[in-house]
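# Coordinate inspection notes
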Amino acid sequence: MSDSEITVTNTNLNTDSNSDSNTNTKLNTKPNSNRFNPVKRMNEEVRQESLSGERALYRGENLKIFDTVFHDGESPLKESKHIEFYNCEFQWKYPLWYSEDVKVRDCVWQEMGRSGVWYTKHLLVEDSMIGAPKNFRRCFDITLRNTSIPNAQETFWNCDGIRLEHVMARGDYFGMNSSHVYADGLELYGNYAFDGGHDIEIHNSKLLTKDCFWNCENVKVYDSYISGEYLAWNTRNLTLINCTIESNQGLDYIEGLKLVNCKLVNTKYAFEYAYDVDAEVTSRLDSILNPGSGVIRVKELGEKIIEPDNCKEENTKIQVGLSE
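Keep in mind that what you see is a predicted model, and the values were worked out from it rather than measured.

### Details of the overall build of the chain
Counting secondary structure elements, the chain contains zero helices and 28 strands. Going through the 324 residues of the chain one by one, you find that 44% of them count as buried. Looking at the chain alone, contacts between residues at least 24 apart form 3% of all its contacts between residues at least 6 apart.

Below, the structure is given as structure tokens:
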């Protein structure tokens, strides 16, 4: 018998009464010539190549890639490691899956480079444009610096260890179920950001997002602007310091809420069923509705709404008028 054939004994290949009850079948195990057959490249520089086809640099290792375009062909760098990219372009789907130790500088993901980085560890992206959605899923230790993501729908899902420095992103469901997130200079446009995340720290950022920080735990935001209704419902341990908030029915259904030197503008029905509150509001607040417990100090209050059958007023101290 040749090495490319296997004999299988099958006693019941079909139910025809005239068939042989003990049939020997030969299976051809030769590689299919139509299937990709990548050649692993390693320990080299790749310069100004035009690569296409499935898995063009599959399992590449210790590569420095310059001025190269990855055309049609899925998963060109699947299972790669120790890769550096300079002035490259990804035009098709799944370029970096199951990769490790990757550095990207001055590169572009076109729109069809979607779902580009999944299951990847230790990635740095700098000075780049990511025009594709659904990027960065189930990744670990990911840093983006001076990078724009104008098509960021459903990006950064289920990641652990995200660092964003001067990043612009536009799209809904950004950062869902991700943990250990640090952002400085983030400009985010899109609803439902960071839903289900935990251990999140944000500085000097602008977040235009409805339903931001829902179902989160351990969130700290410093020197930032957040605009969008229903901010941070069903969240535990939220701290806002030197922030401006614009949120109709924001900061409700929270357990463990701290505000230090914050403004709440155009905000009605705040603090409903929010417990263990320590809030310092340095602006006029339009209204408070049925707070759960704690202390709320506010410069000026438009309306306090207490429904006795829904709220124990004695559990929350509301002080109007802040001392200079």
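### What about the environment of serine 283?
Tracing the chain through its elements places serine 283 in strand β26 (residues 275-289). For serine 283, a relative accessible area of 9% puts it in the buried group. Taking C-alpha positions, serine 283 is 9.4 Å from threonine 244, a pair spaced 39 residues apart along the chain. Excluding its chain neighbours within four sequence positions, the residues that come into contact with serine 283 are Cys262, Lys263, Leu264, Val265, Val298, Lys299 and Glu300.

### Looking at the pairing of strand β15 (residues 140-149)
In the case of a regular strand, side chains alternate between the two sheet surfaces. Note that strand β13 (residues 121-126) and β15 share five bridges and pair parallel. What sits directly across from leucine 123, in β15, is isoleucine 142. Here β15 pairs with strand β16 (residues 160-170) via eight bridges, running parallel. Counted as the bridge partner of leucine 144 is leucine 164 from β16.

### What about the environment of arginine 145?
Considering the arrangement of structural elements, one finds arginine 145 in strand β15. For the pair arginine 145 and valine 125, spaced 20 residues apart in sequence, the C-alpha separation works out to 6.2 Å. In this structure arginine 145 touches Leu124, Val125, Glu126, Asp127, Glu165, His166 and Val167, once residues within four positions along its chain are discounted. A polar side-chain atom of arginine 145 sits 2.6 Å from a polar atom in the side chain of glutamate 126. One polar contact links arginine 145 to glutamate 165, side chain to side chain, over a distance of 2.8 Å.

### So, unusual backbone geometry
Residues other than glycine seldom take positive phi values, yet tyrosine 192 does so here, at roughly 65 degrees. Note that tyrosine 192 resides in the loop between β18 (187-189) and β19 (198-203). Here phenylalanine 271, not a glycine, exhibits a phi torsion of approximately 70 degrees, which is positive. Tracing the backbone through its elements, the reader meets phenylalanine 271 in the loop between β25 (254-265) and β26.

### Section: the packing of aromatic side chains
With the rule as written, the count across this model stands at 20 aromatic pairs. With centroids separated by 6.1 Å and ring planes inclined at 65 degrees, the aromatic side chains of tryptophan 97 and tyrosine 98 adopt a geometry described as edge-to-face. With a centroid separation of 4.9 Å and 5 degrees between ring planes, the pair formed by tyrosine 98 and tyrosine 119 is classed as stacked. Here tyrosine 98, found in the loop between β9 (96-97) and β10 (100-105), pairs with tyrosine 119, found in the loop between β12 (117-118) and β13; they are 21 residues apart in sequence, far enough to count as distant. Among the residues examined, tyrosine 119 registers a relative accessible area of 31% and is labelled partly exposed. Aromatic rings pair up to connect Tyr94, Trp97, Tyr98, Trp118 and Tyr119 into one cluster. One Lys or Arg, arginine 170, reaches over the ring of tyrosine 189 and ends 4.3 Å from the middle of that ring.

### Notes on the confidence of the model for the chain
With 87% of its residues at a pLDDT of 70 or more, the chain has an overall mean of 89. Across residues 1-34, where pLDDT falls below 50, the model places 31 contacts with residues more than four positions away in sequence or in other chains.

### Topic: the state of the cysteines
Disulfides are covalent bonds that connect the sulfur atoms of two cysteines. Across all of its chains, the model carries zero disulfides by this definition. There is no disulfide at cysteine 212, and the cysteine sulfur nearest it, in cysteine 216, is 7.3 Å away. The exposure class assigned to cysteine 212 is buried, which follows from its relative accessible area of 0%. Taking relative accessible area as the criterion, cysteine 216 reaches 3% and is therefore assigned buried.

### Description of the pattern of salt bridges
Going through the model one piece at a time under the given rule, you end up with 15 salt bridges. Connected through salt bridges with shared partners, the residues Arg105, Glu126, Arg145, Arg163 and Glu165 form a single ionic network.

Criteria and thresholds
- Residues numbered from 1 in each chain as written.
- Predicted model: local features only at pLDDT ≥ 70, side-chain atom pairs only at ≥ 80, totals over all residues.
- Heavy atoms only, no water.
- Helix = DSSP H or I, 4+ residues; strand = E, 2+ residues; numbered from the N terminus.
- Buried < 20%, exposed > 50% of the residue type's maximum accessible area, 1.4 Å probe, protein only.
- Contact = heavy atoms within 4.5 Å.
- Pairing = 2+ DSSP bridges.
- Polar contact = N/O pair within 3.5 Å; in protein donor to acceptor, adjacent residues only side chain to side chain.
- Phe/Tyr/Trp six-rings, centres within 6.5 Å; stacked < 30°, edge-to-face > 60°.
- Lys NZ or Arg CZ within 6 Å of the ring centre and 35° of its normal.
- pLDDT = per-residue confidence, 0-100.
- Disulfide = S-S within 2.5 Å.
- Salt bridge = Lys/Arg side-chain N within 4 Å of Asp/Glu carboxyl O.

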